[in-house]
Amino acid sequence: TMVKMLTQLEPMIDDTLDDDDESNEDEDDSADDGQDMMGPMGGPLRLDRVFFGETVKEGKPLIVPVPEDPWRLIITQATLGEGGAPPGTRVTLKCGVGEATTVIGHFRGGEVEMIPLCGLTFPCNQDAAFSIAIKGKKSADIEAHIAGYFEGADIGELPDGMGDEDDEDDEDDE
């Protein structure tokens with residue numbers, strides 16, 4: 001399902017970035033999926049978000065490839081699956097870039113079944129990795145659901161002299 005979601009995300013990224021070029025000032029901005037803000041260079045900054053949600057099971061790490069710039073993955077929460085975990089069972093959630101090595105929270109069956117992650121961010125062109133480890137009564141139904149969103153920013157046109165365009169000085173160097 002992850003590969004399917006990412007293949008669907010790629011055309012959405014291209015369409016989202018192209019939509020700004022075709023926008024009409026008379027359109028109602030309230031129906032817009034993104035937020036318009038001022039970018040660091042004074043131009044428009046548009047943030048677009050695409051929902052992300054996946055499941056992690058013990059022994060099956062979740063690897064999430066984060067698309068190219070300007071996209072990043074932001075994780076907002078993790079919860080135990082619908083079956084939860086038996087009372088007293090401790091489920092450790094780890095994450096990292098490339099490999100899940102850092103503990104970011106513990107679930108305890110019957111007590112703590114949701115962990116707010118307050119915008120845990122993974123940069124573009126990296127693999128976000130998640131895993132769980134279970135101590136106590138184990139069950140094949142124990143799983144963690146990771147939720148958040150992919151966020152992309154289109155900073156619009158950069159001022160003259162900025163970006164990938166050739167400078168007149170570059171031509172003189174040849």
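What you see is a predicted model; the values in this text were computed from it and never measured.

So, how was this worked out
Residues numbered from 1 in each chain as written. Predicted model: local features only at pLDDT ≥ 70, side-chain atom pairs only at ≥ 80, totals over all residues. Heavy atoms only, no water. Core = buried A, V, L, I, M, F, W, Y, C linked by side-chain atoms within 4.5 Å. Buried < 20%, exposed > 50% of the residue type's maximum accessible area, 1.4 Å probe, protein only. Helix = DSSP H or I, 4+ residues; strand = E, 2+ residues; numbered from the N terminus. Contact = heavy atoms within 4.5 Å. Pairing = 2+ DSSP bridges. Axes fitted to C-alpha atoms, helices over the stretch in contact; angles between N-to-C directions. Phe/Tyr/Trp six-rings, centres within 6.5 Å; stacked < 30°, edge-to-face > 60°. pLDDT = per-residue confidence, 0-100.

1. Focus: the nonpolar core
Grouped together as the largest cluster of nonpolar side chains are 27 residues, with contacts concentrated most on Leu73 and Phe130. Only strand 2 (44-57), strand 3 (62-65), strand 4 (71-80), strand 5 (90-97), strand 7 (114-122), strand 8 (127-135) and strand 9 (143-154) provide two or more residues apiece to this core. Here this core gets 5 residues from one element, more than from any other, and that element is strand 4. Discounting residues that sit within four places of it in the chain, Leu73 has contacts with Phe52, Val64, Val66, Leu120, Thr121, Phe122, Ala128, Tyr149 and Phe150.

2. Let's talk about the environment of Ile132
Note on placement: Ile132 falls in strand 8. Ile132 sits in the buried class, given a relative accessible area of 6%. Ile132 sits 11 residues away from Glu143 along the chain, and the two C-alpha atoms are 8.0 Å apart. Ignoring any residue separated from it by four or fewer positions in sequence, one finds Ile132 in contact with Val56, Lys57, Glu58, Gly59, Val91, Thr92, Leu93, Ile142, Glu143 and Ala144.

3. Regarding the pairing of strand 5
As paired elements, strand 5 and strand 6 (residues 102-108) share 6 bridges and run antiparallel to each other. Each residue of the ladder has a partner; that of Lys94, found in strand 6, is Val103. Linking strand 5 to strand 6, which pair antiparallel, is a turn of 4 residues; within it Gly98 sits at a positive phi near 85 degrees. As paired strands, strand 5 and strand 8 are joined by 8 bridges and run antiparallel to one another. Paired with Cys95 across the bridge in strand 8 is Phe130.

4. Regarding the sheet that holds strand 8
Spatial strand order, 3-8-5-6: 4 strands in an open sheet with antiparallel pairing. Of all strands in the sheet, those bounded by a partner on one side alone are strand 3 and strand 6. Along the sheet, successive strands turn relative to each other by an average axial angle of 20 degrees, direction set aside.

5. A few points about the packing of aromatic side chains
Within a pair of aromatic rings, the relevant descriptors are the distance that separates the centres and the angle that separates the planes. Following the criterion strictly, the structure yields 2 aromatic pairs and no others. A ring pair is formed by Phe52 and Phe150, whose centres lie 5.7 Å apart and whose planes are at 85 degrees; its orientation type is edge-to-face. Highlighted residues: Phe52 in strand 2 and Phe150 in strand 9, separated in sequence by 98 residues. Taken individually, Phe52 and Phe150 each receive the classification buried, so the pair is uniform in this respect.

6. Points about the confidence of the model for the protein chain
A residue-level look at the protein chain finds 61% of positions with pLDDT of 70 or above and a mean pLDDT of 76. In the predicted structure, residues 1-7 sits below a pLDDT of 50 and forms 10 contacts with residues beyond four places in sequence or in another chain. Predicted confidence for residues 11-33 stays below pLDDT 50, and this span has 9 contacts to residues more than four positions away or in other chains.

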